[in-house]
Amino acid sequence: MRVSVLSAPFIALVLLGTLAACATPQYQTTVRLVPPDDAQGQACVKGCEARKAACQADCQTRYQACVKTLEPQVEARYTEALKEYELELKRYAAALRHYEMQLQFSWMHSYPYRYPYYWWDPWPRPYFPPPYFEPQMPTRTEVLAQLEKSNCQADCGCLPVYDACFVGCGGQRLTETVCIKNCPPEK
């Protein structure tokens, strides 16, 4: 006797979990900067903005230099990724042949052959695609993006320094968290 995984309590539990996940409130945090009122504070903030712009330009220059140093490695990594893709594709083809063979043999064990006293059903069971996915062929841009992510730093920490400078000049940094979706009723 086969035990079905899709029993009523299991289906109810999955449905309840899905509904609970849909009703979870989603929040968004926003940061608002309030500049100082006096002229000295505003001049100080302009200096902070100039330092932030210089920091971001320097960071962008370092990032581009890092990307240029990675270009010789891209071709070697891309070749390695293609070899790995070839191996995965062979494994996928073998697993697919095995899966299709299992489907053919399970059709031979369907109603007319297993239970001769039942009616004959000329249609095989529905075809379900294999439970695994076909591997995706890598591209040079994906390999370059992966190398950039692991070796080059795009964020140099300019914004926290700017925020500290802004507050030091007499400005205010206000953080506000607002519910944007599936909000609970207000009390």
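To be clear, the structure that these remarks concern was listed above.
First things first, this report covers the structure right here in the doc. Everything numeric here is computed off the predicted structure, so don't read it as measured data. (Residues numbered from 1 in each chain as written. Predicted model: local features only at pLDDT ≥ 70, side-chain atom pairs only at ≥ 80, totals over all residues. Heavy atoms only, no water.)

**Details of the state of the cysteines**
Covalent bonding between the sulfur atoms of two cysteines is what defines a disulfide. Summed over all chains, the structure comprises six disulfides. Between the sulfur of C66 and that of C152 lies a disulfide, 1.9 Å long from S to S. Taking the sign of the torsion about the S-S bond as the criterion, the disulfide between C66 and C152, at about -90°, is left-handed. Taken together, the residues span a long stretch of sequence, with C66 in helix α2 (residues 39-108) and C152 in the loop between α4 (140-151) and α5 (158-168) at a distance of 86 residues. Neither residue differs from the other here; C66 and C152 are each classed as buried. If the cysteines joined by disulfides in the chain are listed in sequence order, their pairing comes out as 1-10, 2-9, 3-8, 4-7, 5-6, 11-12. (Disulfide = S-S within 2.5 Å. Helix = DSSP H or I, 4+ residues; strand = E, 2+ residues; numbered from the N terminus. Buried < 20%, exposed > 50% of the residue type's maximum accessible area, 1.4 Å probe, protein only.)

**Some thoughts on the nonpolar core**
Of all hydrophobic cores here, the largest spans nine residues; its members are Y63, C66, V67, L70, V74, Y78, V143, L147 and C152. Among the elements of the structure, α2 and α4 are those that each provide at least two residues to this core. Here this core takes six residues from α2, the largest share from any one element. Every residue in contact with V67, bar those within four places of it in the chain, is listed here: E148 and C152. Membership of the second largest hydrophobic core comes to five residues, among which are V45, Y162, F166 and C169. (Core = buried A, V, L, I, M, F, W, Y, C linked by side-chain atoms within 4.5 Å. Contact = heavy atoms within 4.5 Å.)

**A look at the side chain of D163**
In this structure, D163 sits in helix α5. With residues near it in sequence (within four places) discarded, D163 still touches L33 and R173.

**Thoughts on the environment of C169**
Here C169 is to be found in the loop between α5 and β2 (172-181). Once you skip the residues sitting within four places of it in the chain, C169 turns out to touch P36, G41, C44, V45 and C48.

**Observations regarding the packing of aromatic side chains**
Taken as a whole and assessed by the stated rule, the structure comprises one aromatic pair. On the basis of an interplanar angle of 45° and a centroid distance of 6.0 Å, the ring pair of Y162 and F166 is categorised as tilted. In this pair, Y162 and F166 are both assigned in helix α5, four residues apart and thus about one turn of the helix distant. This pair shows no difference in class: Y162 is buried, exactly as F166 is. The residue whose ring lies beneath K52 is Y162, and the NZ or CZ to ring-centre distance is 4.5 Å. (Phe/Tyr/Trp six-rings, centres within 6.5 Å; stacked < 30°, edge-to-face > 60°. Lys NZ or Arg CZ within 6 Å of the ring centre and 35° of its normal.)

**Describing the side chain of E148**
If you trace the backbone, E148 turns up in helix α4. A distance of 2.9 Å separates polar atoms of two side chains, one belonging to E148 and the other to Y63. (Polar contact = N/O pair within 3.5 Å; in protein donor to acceptor, adjacent residues only side chain to side chain.)

It is worth stressing that arrangement in space is one thing and function is another; only the former is reported here.
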